[in-house]
Every structure is written in C-alpha cells, then in structure tokens.
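What follows is each chain in one-letter form.
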Amino acid sequence: MVAARQASLLLTFAVAVMAIITPALSQIPGIGLPGFPLQAHCWKIIDGVEGCTEQLLKSVKELNVKFLPDCCKAIVGIPITCAQWIFPFGLSFGDQVNKYCNNLLGAVPPPAS
C-alpha cells in the first residue's frame, strides 16, 4: 500500500512538473525533449478542455481513472507521440485511460495485435 501511494505521488509530481515546465520551455528556441518536439502542442490539447488537466492530475494521484466526456474526447484524439509523452511513467495507466474513455464514449478500440 505504501509503495503504491509513493508511486502515485511520484507520478502526480512528474505530471505536474511537465504541465508547468513545458509551456515555458517551448518559448525558448532549440529547447525540447529529443523525439518529442511538440510537447507544448500535446499539453495544449489536454489543457484546451476546461478541467481536463485537473481531471488527469486527480486520476493519477488517486490511481482512479475518471474523466468527463469532453476530456475523454481530447485524450482519445491525441497523437500517439503525445500519449507517450503525457503518460511516460505509466504506459499501463495510459492504457487504462484509453479503455475508460473508449467505454465512456462508446468507441470500439482497435483489436490487439
């Protein structure tokens, strides 16, 4: 239980830091993470939906996926490179988010390969 709580706090901290730092770094030419040139664009997709950032942080902190439909639409619509950047520390958490949002929106996920 303690390890899960520590992992949750670490993940929440990491997401919060990315949310704060990315817009600032995107203003400096030549700054960016290798392989992820569009961090600011990725975060704007999530941040562009009212309350979505807060829903994401709460879901990570509580390890309980719960989003409103508009936030799910934004999350499901992000490119894979953005998803890898937004959920770098817990790809299984990203999978949980996609399953939750696909169920909420009534979308059929692609077959497993």
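Everything in this summary refers to the structure shown in the same document. (Residues numbered from 1 in each chain as written. Predicted model: local features only at pLDDT ≥ 70, side-chain atom pairs only at ≥ 80, totals over all residues. Heavy atoms only, no water.)

**Notes on the packing of aromatic side chains**
Next, step 1: Applying the stated criterion to the full structure yields one aromatic pair.
Next, step 2: Plain terms: the ring middles of Phe67 and Tyr100 are 6.3 Å apart, the flat faces sit at 65 degrees to each other, and that makes the pair edge-to-face. Of the two residues, Phe67 sits in the loop between helix H3 (52-62) and helix H4 (69-76) while Tyr100 sits in helix H6 (residues 91-105), which places them 33 residues apart along the sequence.
Next, step 3: Judged by its relative accessible area of 3%, Phe67 is buried. (Phe/Tyr/Trp six-rings, centres within 6.5 Å; stacked < 30°, edge-to-face > 60°. Helix = DSSP H or I, 4+ residues; strand = E, 2+ residues; numbered from the N terminus. Buried < 20%, exposed > 50% of the residue type's maximum accessible area, 1.4 Å probe, protein only.)

**As for the state of the cysteines**
Next, step 1: Enumeration over the complete set of coordinates arrives at three disulfides.
Next, step 2: Here Cys72 connects covalently by a disulfide to Cys101, the sulfurs 2.2 Å from one another. Classification of the bridge connecting Cys72 and Cys101 rests on its S-S torsion, roughly -70 degrees, and on that basis the disulfide is left-handed. Highlighted residues: Cys72 in helix H4 and Cys101 in helix H6, separated in sequence by 29 residues. Taken as a pair, Cys72 and Cys101 share a single burial class, namely buried.
Next, step 3: Each disulfide in the protein links cysteines that, numbered along the sequence, combine into the pattern 1-5, 2-3, 4-6. (Disulfide = S-S within 2.5 Å.)

**Quick notes on the side chain of Ser59**
Next, step 1: In this structure, Ser59 sits in helix H3.
Next, step 2: Classification of Ser59 as buried rests on a relative accessible area of 1%.
Next, step 3: A polar atom in the side chain of Ser59 sits 3.2 Å from the backbone nitrogen of Lys66.
Next, step 4: Leave out the neighbours within four places in its chain, and Ser59 touches Asn64, Val65, Lys66, Phe67 and Phe93. (Polar contact = N/O pair within 3.5 Å; in protein donor to acceptor, adjacent residues only side chain to side chain. Contact = heavy atoms within 4.5 Å.)

**Focus: a nonpolar patch on the surface**
Next, step 1: A cluster of nonpolar residues, Val76, Leu104 and Leu105, forms a patch on the protein surface that exposes about 200 Å² of accessible area.
Next, step 2: Relative to the elements of secondary structure, Val76 occurs in helix H4. (Patch = residues over 30% accessible without salt bridge, like charges linked within 9 Å, V, L, I, M, F, W, Y side chains within 5 Å. Areas by Shrake-Rupley, 256 points an atom, 1.4 Å probe, with all protein chains shown as cover. Salt bridge = Lys/Arg side-chain N within 4 Å of Asp/Glu carboxyl O.)

**Observations regarding unusual backbone geometry**
Next, step 1: With a phi close to 50 degrees, Leu63 is a non-glycine residue in the positive phi region.
Next, step 2: Turning to its location among the elements, Leu63 is positioned in the loop between H3 and H4.

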